[in-house]
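An overview of the molecular structure
These are the residues of each chain, in order.
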Amino acid sequence: MENQRDIAKPELLHKLEGCTDEVNGAVLIPGENAVISISNDRSVRIWLLRDSGQFWPSICHYMSAAATSMSYTHDSRKLFVGLESGVVEEFTVARDYNRMDSVRVYHAHQARVTETIYTSKNSWVLSSGRDKYFHFHCANTGKRLGGYLCNAWCTSIAYDDEAQYVFIGDYSGAITVCHLEATGVKFINTLKGHSGSVRTLAWDGRRNWLYSGSFDCSVFVWDIGGRRGTVYELHGHRSKVTSLAYSAEHARLLSAGEDSRLVCWDMVKKRLETPEWAECDNCQLCNRPFFWNLKSMYDQKQMGLRQHHCRRCGKAVCDYCSAKRTTLTDRGHEYPVRACEDCFINVTEAEKKPMANFFDTRHIVKHMDFDASRKMLATVGQDHVIKLWDMSEVLVGQQMEGP
């Protein structure tokens, strides 16, 4: 417990309250004491820090439908807002943050817009929706350049600005990889591994790693640049993972979810892939049959057992041979997980050394935004509250204590 007190914690700077309905997103304006928020009450608000030390809305603009996603580019002051109706509307924000002017309306989707990204390099507006479609438009002409139909609701997107690859997460747990060109969309591959819906994606352009957070309570790290299909798993949440943010400067991944936990993962440390789970009709340690192996059950004159798997070696084992639990942080397991007798005996202290720090946000987080220049984090909760955190001490800390 003494060591736990030495770990730097996020410092709560401000709480933004006043939205009458659920807040769907918030963006920290770089270099400014200002926040843009969108809500189910149809409002787009720009909050400014007043002399009183409190944030108050400078703009409260009401859309034609609930605002469900947004993308803001500070250099061009362009704001794109996706709506429940499927429309994406473009605005220009005034320099004094007292006015936002409508520029163009994109009739992109037939259902709720789940994610919106604007890429200034090509002036493209990327959007995904619950109509299962991904679309991208030219912001200069307003014309649709291409689209792709996924197998389920599109829930989130991430974009590689250099190589022009887009990653589309969907409700089935798959991630579709496409290459964008001015002439259209080219399908590349589908990444499968999550057992629940992909809720959030983040892209690390330095190492070409894709991070995906899912309703299966896990975060996957996809080594896209390695082109070998390498996938690392991070298990640190007890409930659905709803948002990710990555600090390239510190190589730290921030994940948050419905368990009210904010986890800071050290992505510099070497990690191992999760082993493939073996398939066998008998326990690979004691040879007792599993419940579907009727022949061995009859021959050995005993009831069949339930099959489990060791998280270290992947062997198919019974409960008796895998009764022990241990952390396996190099494989992403920050909480104790099932290990077979052989692995439990042979696991080293290095394999159990924590690689993440855990913090309590005191509200169920549904969205995050990270401002790298100020090392500030905004978390949006289901309690209609936006919290602003100072993450400077957390990101530079070298000591990891686990949950």
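This text goes with the structure placed above it.
So, here's what we can say about the structure. Nothing here was measured: the structure is a model prediction, and the numbers come from that model. (Residues numbered from 1 in each chain as written. Predicted model: local features only at pLDDT ≥ 70, side-chain atom pairs only at ≥ 80, totals over all residues. Heavy atoms only, no water.)

1. Remarks on the sheet that holds strand 1 (residues 11-16)
In space, the four strands of this open sheet follow the order 1-32-31-30, with antiparallel pairing throughout. Each having just a single partner strand, strand 1 and strand 30 (365-371) make up the two edges of the open sheet. Taken pair by pair, the neighbouring strands of this sheet meet at an average axis angle of 20°, ignoring direction. Sheet analysis places strand 1 next to strand 32 (residues 386-390), joined by five bridges and oriented antiparallel. Bridge assignment links L12 to a residue of strand 32, and that residue is W389. (Pairing = 2+ DSSP bridges. Helix = DSSP H or I, 4+ residues; strand = E, 2+ residues; numbered from the N terminus. Axes fitted to C-alpha atoms, helices over the stretch in contact; angles between N-to-C directions.)

2. A word on the packing of aromatic side chains
Under the counting rule described, the total for this entry stands at 14 aromatic pairs. Arranged with centres 5.9 Å apart and planes meeting at 70°, the rings of Y335 and F358 form a pair that is edge-to-face. With Y335 in strand 28 (residues 333-339) and F358 in strand 29 (residues 356-360), the pair connects residues that are 23 residues apart, well separated along the chain. Residues Y335 and F358 agree in their burial class; the two are buried. An aromatic cluster is present here, built from F80, Y106 and Y118 joined pairwise through their rings. One cation-aromatic arrangement involves R238 over Y335; the distance from NZ or CZ to the ring centre is 3.6 Å. Positioned above the aromatic ring of F215, the side-chain terminus of K240 is 4.5 Å from the ring centre. (Phe/Tyr/Trp six-rings, centres within 6.5 Å; stacked < 30°, edge-to-face > 60°. Buried < 20%, exposed > 50% of the residue type's maximum accessible area, 1.4 Å probe, protein only. Lys NZ or Arg CZ within 6 Å of the ring centre and 35° of its normal.)

3. Some thoughts on the sheet that holds strand 24 (residues 261-266)
The four strands are arranged 22-23-24-29 in an open sheet whose pairing can be described as antiparallel. Both edges of this open sheet fall to strand 22 (241-247) and strand 29, since each of them pairs with a single strand only. Each strand of the sheet is rotated relative to its neighbour by a mean of 20°, with strand direction disregarded. Alignment of strand 23 (residues 252-257) against strand 24, held across five bridges, turns out to be antiparallel. Looking at strand 24, one finds that R252 is bridged to D266.

4. Brief notes about the nonpolar core
In this structure, I36, V44, Y72, L79, V81, L83 and Y97 are the most contacted members of the largest nonpolar core, which totals 22 residues. Those elements giving two or more residues to this core turn out to be strand 3 (34-39), strand 4 (43-49), strand 6 (67-73), strand 7 (78-83) and strand 8 (87-93). Once you skip the residues sitting within four places of it in the chain, L83 turns out to touch M63, S64, A65, A66, A67, T68, A111, R112 and V113. A202, Y232, A251 and V263 belong to the second largest nonpolar core, which has 18 residues in total. (Core = buried A, V, L, I, M, F, W, Y, C linked by side-chain atoms within 4.5 Å. Contact = heavy atoms within 4.5 Å.)

5. Topic: the side chain of D41
With respect to the element layout, D41 can be found in the loop between strand 3 and strand 4. A relative accessible area of 12% places D41 in the buried class. A polar contact of 3.0 Å, which involves the side chain of D41, links it to the side chain of S39. Polar contacts involving the side chain of D41 include one to the side chain of S43, which spans 2.6 Å. Once residues lying within four places of it in the same chain are set aside, the contact partners of D41 are C19, T20, D21 and Y62. (Polar contact = N/O pair within 3.5 Å; in protein donor to acceptor, adjacent residues only side chain to side chain.)

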